[in-house]
Amino acid sequence: MKKLWTALLALAMIFQLTACQGSTGSAESPEQGDQTSSNKVVMTVTAEIITLDPQVNAGGTAANTVRQNIFEALARIDGEGNLQPVLATDWSVDESNTVWTFHLREGVKFHDGETLTANDVKATFDRFKTNPESTRAYYYENLIEVNVIDDYTVEMVTAEPQSNFIHIIAYDGSYIMSAKSLERSNEEIAKNPVGTGPYKFKESTANESVTLERFDDYWGELPDITELEFITVTEVATRVNMLRGGEADLITGITDEDLEYFENNSDYEIMYGSSNRVGHLAMNSRRPGLDNILVRQAIEYAIDKEAIVTGILGDRGSVAHSVIAPLTFGYADTELYSYDPERAKELLKEAGYEEGELSLVIQSPDGRYYKDKECCMAIAQMLKEVGINASVEVNDWATFVEKVKAPAESNTVDMWWMGWESGTGEASQVLNVVFAKENFPPTGWNTMFFENEEYDMLKNNVLKTMDESEQLEMYSRMQELIMEDAVWVPITVYNECAVYNSKLSDIEITYTDVVRFTNVKIS
């Protein structure tokens, strides 16, 4: 096995890539500067920040990291997966499990000077029903009414009981915006967001950076940071050099080799965060070749997950055994395939493909996920070893998303590397958003075009029961059905790692890999 890992690492260096966009150049590495002297903090993010509108289903972790420091929801899920009150001080549900009552925190100001009331909550959730660009609306299809009881009491009515409703309310798509700010165009909302968080929007440069400034009328304890800038940097070496040179204060997506410099250096701190993000290879089940389940199953058998996790990722995470992670409520180990290249060859032959007859392209983001390109290169080589001509194309994040989310009639993507996590901490988010038939692209994320009648029935029933044992049984079967159809190869459950200037403290990494600066102190 060690020889295989060594070979994979070598392949990751020499295997030919078809790059669709050039990489960011490396900066020099001068001595560490005093970036925090003005209480300005700079964080690098690994992908473009596509939109700051929380109701738009685009942008991934980079956008969510910025938005989580601007906006707040009625509640939130903390780093350990527990619900915490935020803009609501408490809530309750009636005996029918369909009428939810939220009592709002008083004295909360929006960044535009407005005071938070129940009208703002109603305007926020009503927008999902009236705005066609609110592409996260499918989370709230069961929500039929939002009623203002008084200035600080709001009632939400669902058509049917929904066991994860409060988790959806705590999700980042449920950030509350002022009713006044929602009178603007969608473009203005996306470019100049208005929330209640500790930081307010200052300025941005498209595809490069977003700068926030402290909101001095914040209802909670003020952070020490007065200005917070997020810069898109896709190359690991550049991120490392920026931190070492004082151009950045916090970076993520760092390799084990680079970590060695920071481990014994008192100028820096290293933080590890448990994640529920599953790195995987996804397959478009409507593409030639991949429309045959035998081919998809052959690919499942052809990939040595352990070799990738250990040899490429350096054990920065664990081998995945389902499409969701163990930290997620509803997880079940539903592994159906072991590494068996001979079985892969048999299935390809059974599907009618002789060696070298099938050609497929793997799409990779450019540094969005930890060693994403290297993982794709290793997978391509593994597929070649069973007779599939596989190549890799690398794209910037915006181009990658545009390609993968193209509608069925124009989608030319075969396979791609991605990471999905549950922002709600429970299984239904991923199992609905990524695998429900109604969430085909371009609006939804079922980019594999997965369809299964039994799955749809379970999806429609799992949230109607409040019995956890029944939920777990249905969630387990849903994961089995996905694995049987072989549209995903779950490969790793990531562990996030952040390195930052030791002058900073009280940084939080959530289980969705988002960095929160709400309580940060500077020494």
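Conventions used here
- Residues numbered from 1 in each chain as written.
- Predicted model: local features only at pLDDT ≥ 70, side-chain atom pairs only at ≥ 80, totals over all residues.
- Heavy atoms only, no water.
- Helix = DSSP H or I, 4+ residues; strand = E, 2+ residues; numbered from the N terminus.
- Buried < 20%, exposed > 50% of the residue type's maximum accessible area, 1.4 Å probe, protein only.
- Contact = heavy atoms within 4.5 Å.
- Lys, Arg positive; Asp, Glu negative; His and termini not counted.
- Charge placed at Lys NZ, Arg CZ, Asp CG, Glu CD.
- Axes fitted to C-alpha atoms, helices over the stretch in contact; angles between N-to-C directions.
- Parallel < 35°, antiparallel > 145°, perpendicular 65-115°, else oblique.
- Left-handed = near helix turned anticlockwise from the far one by under 90°.
- Nonpolar A, V, L, I, M, F, W, Y, C, P; charged D, E, K, R; others polar.
- Pairing = 2+ DSSP bridges.
- Core = buried A, V, L, I, M, F, W, Y, C linked by side-chain atoms within 4.5 Å.

**Overview of the overall build of the chain**
Alright, step 1. Within the chain one finds 15 helices and 22 strands.
Alright, step 2. Across its three principal directions, the C-alpha atoms of the chain cover 70 × 60 × 40 Å.
Alright, step 3. Per-residue burial for the chain yields a buried fraction of 59% across its 523 residues.
Alright, step 4. A separation threshold of at least 6 residues defines the contact pool for the chain, and within that pool the share at least 24 residues apart is 71%.
Alright, step 5. Counting 41 positive and 87 negative side-chain charges, the chain places the averaged centre of each group 3 Å from the other.

**Quick word on the packing of helix H8 (residues 293–302) against helix H10 (residues 341–350)**
Alright, step 1. One can describe the packing of H8 onto H10 by two numbers: an axis separation of 8 Å at closest approach and a directional angle of 165°. With respect to each other, H8 and H10 are oriented roughly antiparallel. As for the relative orientation of H8 and H10, their crossing is left-handed in sense. Only Pro341, Arg343, Ala344, Leu347, Leu348 and Glu350 of H10 make contact with H8, whose side of the interface consists of Leu294, Val295, Gln297, Ala298, Tyr301 and Ala302.
Alright, step 2. Residues of the contact of H8 with H10, tallied by class, amount to nine nonpolar, one polar and two charged.

**Some words on the sheet that holds strand S8 (residues 153–158)**
Alright, step 1. Pairing is antiparallel in the open sheet, where four strands are placed in the order S5-S6-S8-S7. Of all strands in the sheet, those with a lone pairing partner are strand S5 (88–93) and strand S7 (143–150), marking the two edges. Ignoring which end each strand starts from, the neighbouring axes of this sheet average 20° apart.
Alright, step 2. The pairing of S7 with S8 spans six bridges and is classified as antiparallel. The residue of S8 that forms the bridge with Glu145 is Val157.

**With respect to the environment of Pro198**
Alright, step 1. One can find Pro198 in the loop between helix H5 (186–191) and strand S9 (199–205).
Alright, step 2. Through-space distance from the C-alpha of Pro198 to that of Thr412 is 43 Å; in sequence the pair is 214 residues apart.
Alright, step 3. With near-sequence residues (within four places) excluded, Pro198 lies in contact with Asn69, Glu213, Arg214, Phe215, Tyr218, Pro223 and Thr518.

**Re the nonpolar core**
Alright, step 1. Within the largest apolar cluster, 140 residues are counted, with the highest numbers of intra-cluster contacts made by Met156, Ile299, Phe435 and Phe517.
Alright, step 2. Those residues within four positions of Phe517 in sequence are excluded, and the remaining contacts are Val41, Met43, Asn69, Tyr199, Pro223, Ile225, Leu228, Phe230 and Leu250.
Alright, step 3. Val42, Val240, Leu243 and Cys497 belong to the second largest nonpolar core, which has 14 residues in total.

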